[in-house]
Amino acid sequence: MHILAFGASNSTTSINARLARHASQVMATEIAKGAEIHVLDLNEFEMPIYSPEREEAHGIPGAAHAFHAAIQKADVLIISYAEHNGSYTAAFKNILDWTSRINVNVWQDKPALFMSASGGEWGGGTVLATAAEAAPYLGGDVRAHLAVGPWQEKFNETTESLSDPELIEKLRDGLKLLTSETLPA
Ligand SMILES: Cc1cc2nc3c(=O)[nH]c(=O)nc-3n(C[C@H](O)[C@H](O)[C@H](O)COP(=O)(O)O)c2cc1C
């Protein structure tokens, strides 16, 4: 099995990237043993801000094609959304917009775990709800979702793993749902 994981943030110290990495490691060690993990860094997909005129003049940037190809290669997706002002980060939204111009089926029907993390009590629950609601229109097959907050209370920064027993359980249950009807490991 090939796991594609990323934090939907361009912060080089992204807590969402850390959460996505942790979840993919739990998946590869406990649920789909031996699965291959590919962690994307959104900074490698930086593009001019989408505009119809830019698309008309220059076409779709190679980075959007690379993002689309990375999803194509994956069997399952583990994505953790950073919340900026109640929504996606501009960095992620720009990648989403460009990639949707290749094919609106951005998530390519891959089983997905959607998460979010923030220092606030809701753990980025607003962007998570937005992402989950939009997913069916973007070819998403979201099997489970999980909001982690407040980050400092729910994530152990020494062991790089969730510390809240309820969230640990929820994560395992969500990851198990990714394995049904997917390709054998
Ligand atoms: C411009 C901006 C807006 C933010 N808006 C929210 C918000 O609406 N809700 C929230 O819980 N946290 C908000 N935060 C805090 C982020 O969730 C926090 O910075 C988090 O670390 C971002 O995730 P990342 O580390 O993966 O980039 C905001 C931070 C910034 C810089």
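The structure under discussion appears in the preceding block.
Residues numbered from 1 in each chain as written. Predicted model: local features only at pLDDT ≥ 70, side-chain atom pairs only at ≥ 80, totals over all residues. Heavy atoms only, no water.

Engineer: Any details on the overall build of the chain? Residues and values, ideally.
Structural biologist: On a plain count of helices and strands, the chain comes out with seven helices and seven strands. Reading the helices (α) and strands (β) of the chain from amino to carboxyl end gives β-α-β-α-α-β-α-β-α-β-α-β-β-α. Across its three principal directions, the C-alpha atoms of the chain cover 50 × 40 × 25 Å. Within the chain, the proportion of its 185 residues that are buried is 49%. Sequence-distant contacts in the chain: of pairs separated by 6 or more residues, those separated by 24 or more amount to 78%. As displayed, the chain has an accessible area near 9,000 Å², and 50% of this comes from carbon and sulfur atoms. (Helix = DSSP H or I, 4+ residues; strand = E, 2+ residues; numbered from the N terminus. Buried < 20%, exposed > 50% of the residue type's maximum accessible area, 1.4 Å probe, protein only. Contact = heavy atoms within 4.5 Å. Areas by Shrake-Rupley, 256 points an atom, 1.4 Å probe, with all protein chains shown as cover.)

Engineer: Lay out the site of the ligand in plain terms, naming residues and giving numbers.
Structural biologist: With respect to spatial proximity, the complete set of residues near the ligand consists of Ser9, Ser11, Ser14, Ile15, Asn16, Ala82, Glu83, His84, Asn85, Gly86 and Ser118. The contact in question runs from an oxygen atom of the ligand to an N or O atom on the side chain of Ser9, over 2.6 Å. One of the side-chain N or O atoms of Ser118 is found 2.8 Å from an oxygen atom in the ligand. If the ligand stood free it would expose 610 Å²; the protein chains cover 61% of that surface. (Near = heavy atom within 4 Å. Polar contact = N/O pair within 3.5 Å; in protein donor to acceptor, adjacent residues only side chain to side chain.)

Engineer: Explain helix H5 (residues 125-134) to me, and be specific about the residues and the numbers.
Structural biologist: Inspection of H5 places Val127, Leu128 and Ala131 among the buried residues, and these make up the whole buried set. Along the axis of H5, the buried residues cluster in a sector spanning 105°; they form a single face. (Arc of directions from axis to C-beta.)

Engineer: How would you sum up the packing of helix H1 (residues 15-31) against helix H7 (residues 165-179)? Please name residues and give values.
Structural biologist: Geometry of a packed helix pair, given as the angle between the helix axes and the separation of the axes. Packing of H1 against H7 leaves a shortest axis separation of 10 Å and a crossing angle of 65°. Relative to H7, the element H1 is oriented roughly perpendicular. As for how H1 packs across H7, the hand of that crossing is right-handed. Taking contact as the criterion, the partners of His22, Ala23, Val26, Met27, Glu30 and Ile31 in H1 are, on H7, Leu171, Arg172, Leu175, Lys176, Leu178 and Thr179. Here the residues of the contact of H1 with H7 are counted per class, giving seven nonpolar, two polar and three charged. (Axes fitted to C-alpha atoms, helices over the stretch in contact; angles between N-to-C directions. Parallel < 35°, antiparallel > 145°, perpendicular 65-115°, else oblique. Left-handed = near helix turned anticlockwise from the far one by under 90°. Nonpolar A, V, L, I, M, F, W, Y, C, P; charged D, E, K, R; others polar.)

Engineer: Which residues make up the sheet that holds strand E2 (residues 36-39), and what values do they have?
Structural biologist: In space, the five strands of this open sheet follow the order E2-E1-E3-E4-E5, with parallel pairing throughout. Both edges of this open sheet fall to E2 and strand E5 (141-148), since each of them pairs with a single strand only. Neighbour-to-neighbour, the strand axes of this sheet turn through a mean angle of 20°, independent of strand direction. In this sheet, strand E4 (residues 111-117) lies alongside strand E3 (residues 76-81) in parallel orientation, the contact comprising five bridges. Residue pairing across strands places Ser80 opposite Met115, the latter belonging to E4. Lying over the sheet, H7 contacts E3, E4 and E5, oriented at roughly 165° with respect to E5. (Pairing = 2+ DSSP bridges.)

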